[in-house]
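Residue strings, one per chain:
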Amino acid sequence: MNDGSVQHLFGHLVSIACFVLVSVASCADRPDHSRLQLDDIIVTADKRPEPIQLAPASLTVLTGGSLESAGIDSVTEAAFRVPNLFLAGNTAQSLNLLQMRGLESSQGDPLVTVFIDDVPLLTDTMVSTDLLDIEQIEFLRGAQGALYGRNTLGGAVKITTRQLDQTPTLRGRFDAGEHGLRRYRLSGGGSAADHDIGYGLGLSWLRHDGYHFNQVTGSLVDEKDSIAALGRFRLLTQNNLDIGFTIRGQRDRNGGPVYTDVNSLRRSPFDIALSFDPETEREIVAPTLALRRFGDYVDLIAITGLQYWSRYGEIDQDFSAPDLIRGEIDDRQFYGFQEVRLTPSEQVLDADSSVRSARWVAGAMLSYSLTDRGRSQLFLPPFRGLVSPIEDTAEADITDLNLDIFGERSWPLTDRLSLKIGVSVSFNRERTNIEIVSPSVQSSVEDHLDNSYVEVLPKLGLTYRLAPQITTYVTAARGYRPGGYNLNSVAVGNFEYEEESSWTFETGMKTSWFDRRITANFAAFYIDWSDRQVSLPNLNAPGRFFLDNAAETTSKGVELEINAQVTPTIRAFTSAGYVDARIDEFILQTNSGADDLSGNRLRIVPEFTWNIGIAFERPVGERLTLFGYTDLTAVGKYHLDLRNTDTQNDFWLANARFGIGAENWKLTFWVKNAFDTEYFPIALTTNNGIVAENGPPQHGGVTLDCRY
């Protein structure tokens, strides 16, 4: 039996074992009506706490417990649990583009912004950070500009760090698996001075050999070597002031992008032929200070965030075995963020139900960034001794200042009907000193560019409560993303691209049944996307891409989520999403002429996503607990290019976990992509065709958790 057959058999056995364990546990359950309710989940989609079933918006929440039971360690894996969300990224973590509701991100500012403890991450470089001590992740679908400002046309992802423990706690975790996987995690914390002081520290180290084998160099090329740390401190003063300080850090020494011709990968998955092994180096340091002042009438929240990140990468930009074009990226950024917001005091809300119905929030967000970006391409001739190599370089110093003034309030119109109005006024100014030298096309540019944007981002919503357990709503919201500058467009002279905007119209229903044993939520949406920024290949410079406002697009679809507490020990869930995202107007210039792409579907946007899963946890004897988890995800077909000439067909991903544990330890056996499905999560269109990467193959392992 070969290695592939063993892997397939292992995946099937683990999946079958999990389903059997769940069935046995279900049959053996004894009713415990005190545990026949889903847990209350509090969300902060409107920047104030609210039960998820009362929030008039389409959103998905994965709690820390859900992440742990599913073995989710990254936003990439979490995305498969969210309808109409797909993360196009490579295994080296050098590029991560969130696609939500058909709004396809390009290589500029994000369309879906990730926030960690209320601080936005305005670059794809930061999306794939290690998830240490996470309380929950909120996935907000639809334009969020009224409260979150720019770069939230498609939605927002809010990651919240877990609360500090009041009693001293030490947690340890060790993962070992196929493909050389080793991960060590250690975290601990506690409190002092009658719990008025809290502290915590977390450390993580990850090593992974990678999946793609370079036949030219004889090595695996998408390996990971990452170290991450999280430090936290909290102080509660006697004058109702809550001070929290968090600092995150991460250092990565990973392989680089391994894009290869799609037809070659279909014939021989994970076998590539690049002239050298690409690499990516990344450092991140991000401290955050949060001040919360609880008043008699108004609560004040101030969030101060600083971020420094740097990224260096080398890539084979001819995507082939001959050593023809080498690309280099050298970026670094210092980013400062300040938010101040006011909300009514919880004491006031608790005292007056009419005031609670008219909740509000108001504030401002200010950010400033200094970014140094460097790009170079080295063109190596086939006959090295006769012709000298040619190097093109591009450098840019970018300063970005952004101010958002926002506010939102809801008014009760009747006992059941309420109105919500929100608006943000966004001011953005970007200055760039740019220098591009391209001997390959005998061109050079040195210029100073200065652009300013002022955008009004409104949101209007109506909520009607058909019954205490049934909420319906309609909303309309606008979002925008500012323009910017290309570093690789000398050959076409297209240096600047303008801002893009969208209007999202949504209606939905949230329901709860059988004393909150089951929740079922539904939403339908329509998005009008204008002046869309499209990533296009440079016709005169191989391996180069640039952004241009080249398309008008619409997207429409539906979403459904159901959660159920089937028995006291079994929880089931399912979600489904359908999206039809098409180009309304777009003319693509190619070497052979112009193509009218009007009516084409967007690239890397699945037609549908579907997920179903079961988790159980059952006592065995007096001290042991048997637990298991399994889920199945279906991803609809999507096109790999704007011309819709190549397609990734529908595929299925199955994950399974089962184990046994006690109060202070757990042993878990797991498998991901149990049926060893082959698929392309990311692809690029070059002058010579389409290149892509394979998604992770089947891989399994074991995890040991300890807690003291």
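Report follows, based on the coordinates. Quantities reported herein were computed from a predicted structural model and do not represent experimental measurements.

Overview of the pattern of salt bridges
Inference 1: For the structure shown, the criterion picks out 45 salt bridges.
Inference 2: Between Asp 175 and Arg 183 there is a salt bridge, with its nearest N and O atoms 3.8 Å apart.
Inference 3: Here Asp 175 falls in the buried class, since its relative accessible area comes to 4%.
Inference 4: By relative accessible area, which is 10% here, Arg 183 ends up buried.
Inference 5: Among the ionic contacts, a cluster of salt bridges with common partners joins Asp 73, Asp 130, Arg 173, Asp 175, Arg 183, Arg 185 and Asp 705.

Some thoughts on the sheet that holds strand S3 (residues 59–63)
Inference 1: One open sheet accounts for five strands, arranged S3-S8-S9-S6-S7; its pairing is mixed. Strands with a single pairing partner mark the edges of an open sheet, and in this sheet they are S3 and strand S7 (119–121). With direction set aside, neighbouring strand axes in the sheet form an average angle of 20 degrees.
Inference 2: As paired elements, strand S6 (residues 112–116) and S7 share three bridges and run antiparallel to each other.

Quick word on a negative patch on the surface
Inference 1: Judged by side-chain charge, Asp 372, Glu 395, Asp 397, Glu 435, Glu 446 and Asp 447 come together as a negatively charged surface patch.
Inference 2: Elements with a contribution of two residues or more to the negative patch: strand S23 (390–412) and strand S25 (443–467).
Inference 3: Here Glu 435 shows up in strand S24 (residues 417–438).

Some remarks on the nonpolar core
Inference 1: The biggest cluster of nonpolar side chains holds 29 residues, and the ones touching the most others in it are Leu 85, Leu 98, Val 114, Ile 137, Phe 139, Val 157 and Ile 159.
Inference 2: Contributions of two or more residues to this core are made by helix H2 (64–70), helix H3 (75–79), strand S4 (85–89), strand S5 (96–100), S6, strand S8 (134–141) and strand S9 (155–161).
Inference 3: Residues in contact with Ile 137, not counting those within four places in the same chain, are Thr 60, Val 61, Leu 62, Leu 67, Leu 131, Val 157, Lys 158 and Ile 159.
Inference 4: Listed in part, the 27 residues of the second largest apolar core include Leu 97, Tyr 638, Leu 640 and Ala 692.

So, the pairing of strand S26 (residues 470–481)
Inference 1: Most of S26 is tucked away, with eleven of its twelve residues classed as buried.
Inference 2: Of the pairings in the sheet, the one linking S25 to S26 comprises eight bridges and is antiparallel in character. When the sheet's bridge partners are listed, Leu 460 is paired in S26 with Ala 476.
Inference 3: Hairpin remark: S25 followed by S26, antiparallel, with two residues in the connecting loop.

What counts, and at which threshold
- Residues numbered from 1 in each chain as written.
- Predicted model: local features only at pLDDT ≥ 70, side-chain atom pairs only at ≥ 80, totals over all residues.
- Heavy atoms only, no water.
- Salt bridge = Lys/Arg side-chain N within 4 Å of Asp/Glu carboxyl O.
- Buried < 20%, exposed > 50% of the residue type's maximum accessible area, 1.4 Å probe, protein only.
- Pairing = 2+ DSSP bridges.
- Helix = DSSP H or I, 4+ residues; strand = E, 2+ residues; numbered from the N terminus.
- Axes fitted to C-alpha atoms, helices over the stretch in contact; angles between N-to-C directions.
- Patch = residues over 30% accessible without salt bridge, like charges linked within 9 Å, V, L, I, M, F, W, Y side chains within 5 Å.
- Areas by Shrake-Rupley, 256 points an atom, 1.4 Å probe, with all protein chains shown as cover.
- Lys, Arg positive; Asp, Glu negative; His and termini not counted.
- Charge placed at Lys NZ, Arg CZ, Asp CG, Glu CD.
- Core = buried A, V, L, I, M, F, W, Y, C linked by side-chain atoms within 4.5 Å.
- Contact = heavy atoms within 4.5 Å.

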